[in-house]
Amino acid sequence: SGVAYPELKFVVALFDWVDRIQSYSNVNSEWEYLPQLKQFVDGGMEEDSQFIDDVSSILTRGCDGYFCSEQTIHFMEERRKNFEALIYDVFNLRGRPDALPRPIKQPKYDFEHAMRWLHSKRSKIEGNVFVSENNALDGIPFFSQAFKFEPFLSALRTASDYGFGNQRDFFISDENKGLRGFNAGLVNLALFLANAMAESIINDSCDEVHWEKNDGKYAIANSCGQNGREYSGEICPRWESFMTCNVDIEAEMQADVPGTAIPPFLIDMQPLPPFQCRAGTNPVGYWDEATDTLHENEAFNNTNGRTDVEGCCFWGRGALLTRGTCNYGKLNFFIGAQAAAQGRPSMYPDIDFCTNPGAICNDDSMETRYVVGMFEWIDRVQRYYDSNLDWSYLDELYRFVDNGMDGDVFIDSVSSIIVRGCHLSLNHPCSMSTSHLSVDTDRLIYGLERRMNFKNIIKLVFDMPIVAPTDDRAPGNDNGSETSQIQTTRRPTFRPTFRPTFKPTPYPFMNVRDPTMSPLVSPDTSLSKPGVPPEPTSSPVEWSDITVYSDGKIHVINNGATSFRDESIVVTRNTTLGLDQGGFIEAPLNTDWPAIRISISSRFIGRGGYVNGSYASTSFLEGDYENGGEAIHVNNGQSSPETASYAEFYDGIHVIGGDAPAGVGGEWRGQCCAKHHIKQSSFFFII
């Protein structure tokens, strides 16, 4: 900080480099910096990013290799570009002619590329996929404690890279089909995660929980089956019937109660009894939701007519809540104790999934619950083929990708396979399809949720479709675009040059609308004419990563064309912004600006869609960027009631504050004289 030793900041860095990089040697991986450096130079310094990435990993994480740590390599792409610019353009070590553009090296769309790509999406996956809801507090979301990112990636490597034998590999990419295969693999993964969110993640429970009730009463016999199913009676098709688990009527088990299903997560109420099985055919009663009391030994049927829990140990467990004697039997046959007993390779040789299905959720590493779900996905979805109707999942998957990932028919068909066992709609019984095990149910539970989960994942989390990298320096390409192989955490932009107002603005002489009056747009009507989504007019002003609406009109965001990504929206000067279903606003990375800022007599009306605050990185804790940015900032701008802003939230809007590791992140904020009214209680907030 002084002038006496101006070189000290460089001396410290050079000492650190000599101590941690030049002298680095890892006996386990047999990676040593100086020999690797010599090999890189002797190889002509070809544009292979592996050496550069290894050095970046040592500097940022202390170890070599992309998967040596659970932490990501921050600014990996920038480090590559900086290094290449120095040796090729500044030092001119290879003397490349400036007139010739550097060829773009197309990525190898293999499993390792997919894993690096998923690492780069970690913050978005954790903030949007592994999120549970507290039903006791009107669905308040929180980061799941039962489903986390690291065990998910570990299980994905097990299921995809190693597989379960007999061509049972989780499909994440097809190197032979290039980018098309990579997009298809990501759609497959998105469908898996969308169904896992609806089945288990939303409840933060590895074990199935009560959701089916009759007149406010939950049958304890729900352990035997919900949605009209009888789990202990689901026998595999005749050609696989030998895999079906035998039912032990003497068995006694009880599901684990997740830590988020007990006080203090529950307030003024008791948790529902966990699923259980035990010997005896005596009635086991029901749970009364109105009084939070258990009525034991009373005959109360589940939807399949059961009043006892004898032999009912095959309830759902794992990411997809794998259920039934057939599915557990297949697990045991292919990756459990039965495989080991018959001399075949087994992932879990010590676990008999037929007699000890609870082992799925008792794994402290949480990996087994994902592995089991992925095995079921491979067996029941990826391998699905209806010979009667000539409908193949993999063929339809590629057709969906080739047609622009548009439409709901394919998504709903996949959900139907998971829930009902066939791809047919509810208008057709699964008995029409005899190729796979179907279950006795006529309801597609959580169908809409599965569909919306999938769309949000591919659009907001995965940013699909993935496009091939382009050379922005090639002749004729002057659009300034920059598409990298993997969208890694980007270096934060500088604070926008201009603020919405340059200096305090005098109080405007205008009639300010009374915030207590009815909203400008009725909750029962759309903000725009049906079928005619209004496009932003020429009124928005763009400043760096900020778009300003200040024309005093009503603007609506309700589809992809009118939505914003990597942009902060400022609504000011008596202007109204509406967000409807299908629209989204996502703030840039590493900025302290909110996704939406409402100021000076303006109004926000949220009736649907998504608002995401800025994602922050603990590796860049400087100045205004360290805490991320709020999702929505309601501000009067001049500390006066006369210029107060107004915000309304209706059922269907999702507001997610800026996400960051180590508890650093954005929030919801209302300042001074701002008014924020909640019109319905079913909106979705993470702050």
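Anything mentioned here points back to the structure above.
A few points on the structure.

Rules of the game
- Residues numbered from 1 in each chain as written.
- Predicted model: local features only at pLDDT ≥ 70, side-chain atom pairs only at ≥ 80, totals over all residues.
- Heavy atoms only, no water.
- Helix = DSSP H or I, 4+ residues; strand = E, 2+ residues; numbered from the N terminus.
- Expected span 1.5 Å × (residues − 1).
- Buried < 20%, exposed > 50% of the residue type's maximum accessible area, 1.4 Å probe, protein only.
- Contact = heavy atoms within 4.5 Å.
- Axes fitted to C-alpha atoms, helices over the stretch in contact; angles between N-to-C directions.
- Parallel < 35°, antiparallel > 145°, perpendicular 65-115°, else oblique.
- Left-handed = near helix turned anticlockwise from the far one by under 90°.
- Nonpolar A, V, L, I, M, F, W, Y, C, P; charged D, E, K, R; others polar.
- Phe/Tyr/Trp six-rings, centres within 6.5 Å; stacked < 30°, edge-to-face > 60°.
- Lys NZ or Arg CZ within 6 Å of the ring centre and 35° of its normal.

**Some details on helix α9 (residues 324-335)**
Phase 1 of the analysis: Relative to the 16 Å expected for 12 residues at 1.5 Å per residue, α9 spans 17 Å between its end C-alpha atoms, a close match to the ideal helical length.
Phase 2 of the analysis: With respect to burial, α9 is a largely interior element, 12 of its 12 residues being buried.
Phase 3 of the analysis: The inward-facing, buried residues of α9 abut α10 (337-341) and α11 (367-382).

**What about the packing of helix α8 (residues 178-199) against helix α13 (residues 409-420)?**
Phase 1 of the analysis: As a packed pair, α8 and α13 sit with axes 11 Å apart at the nearest point and diverge in direction by 55 degrees. In terms of orientation, α8 and α13 fall into the oblique class. Between α8 and α13 lies a crossing of right-handed hand. Across the interface between the two elements, Leu191, Asn195 and Glu199 of α8 pack against Phe410, Ile411, Val414, Ser415 and Ile418 of α13.
Phase 2 of the analysis: Looking at the contact of α8 with α13 residue by residue, the classes come out as 5 nonpolar, 2 polar and 1 charged.

**Describing helix α7 (residues 149-162)**
Phase 1 of the analysis: The terminal C-alpha atoms of α7, which comprises 14 residues, lie 19 Å apart, in line with the 20 Å expected from a rise of 1.5 Å per residue.
Phase 2 of the analysis: With 10 of 14 residues buried, α7 lies mostly within the body of the structure.
Phase 3 of the analysis: Three or more residues of α7 are buried, namely Phe149, Pro151, Phe152, Leu153, Ala155, Leu156, Arg157, Thr158, Ala159 and Ser160.
Phase 4 of the analysis: The elements touched by buried residues of α7 are α5 (111-120), α6 (122-128), α8 and α11.

**Focus: the packing of aromatic side chains**
Phase 1 of the analysis: Taken as a whole and judged by the stated rule, the model has 30 aromatic pairs.
Phase 2 of the analysis: When the centroid spacing of 6.2 Å and the interplanar angle of 25 degrees are considered together, the rings of Tyr33 and Phe51 count as stacked. Of this pair, Tyr33 sits in helix α2 (residues 33-42) while Phe51 sits in helix α3 (residues 49-61); the two residues are 18 residues apart in sequence, bridging distant segments of the chain. Note on accessibility: Tyr33 and Phe51 belong to one class, buried.
Phase 3 of the analysis: Here Phe130 and Phe152 contribute two aromatic rings whose centre-to-centre distance is 5.6 Å and whose plane-to-plane angle is 65 degrees, an arrangement assigned as edge-to-face. Separated by 22 residues along the polypeptide, Phe130 in the loop between α6 and β3 (131-134) and Phe152 in helix α7 bring together distant segments of the chain. Each of the two residues, Phe130 as well as Phe152, counts as buried.
Phase 4 of the analysis: Feature note: the residues Phe170, Phe192, Trp377, Tyr393, Phe400, Phe410 and Phe454 constitute an aromatic cluster, connected by ring pairs.
Phase 5 of the analysis: Positioned over the ring face of Phe333 is Arg344, at 4.1 Å from the centre of the ring.

These values are about where atoms sit, not about what they do.
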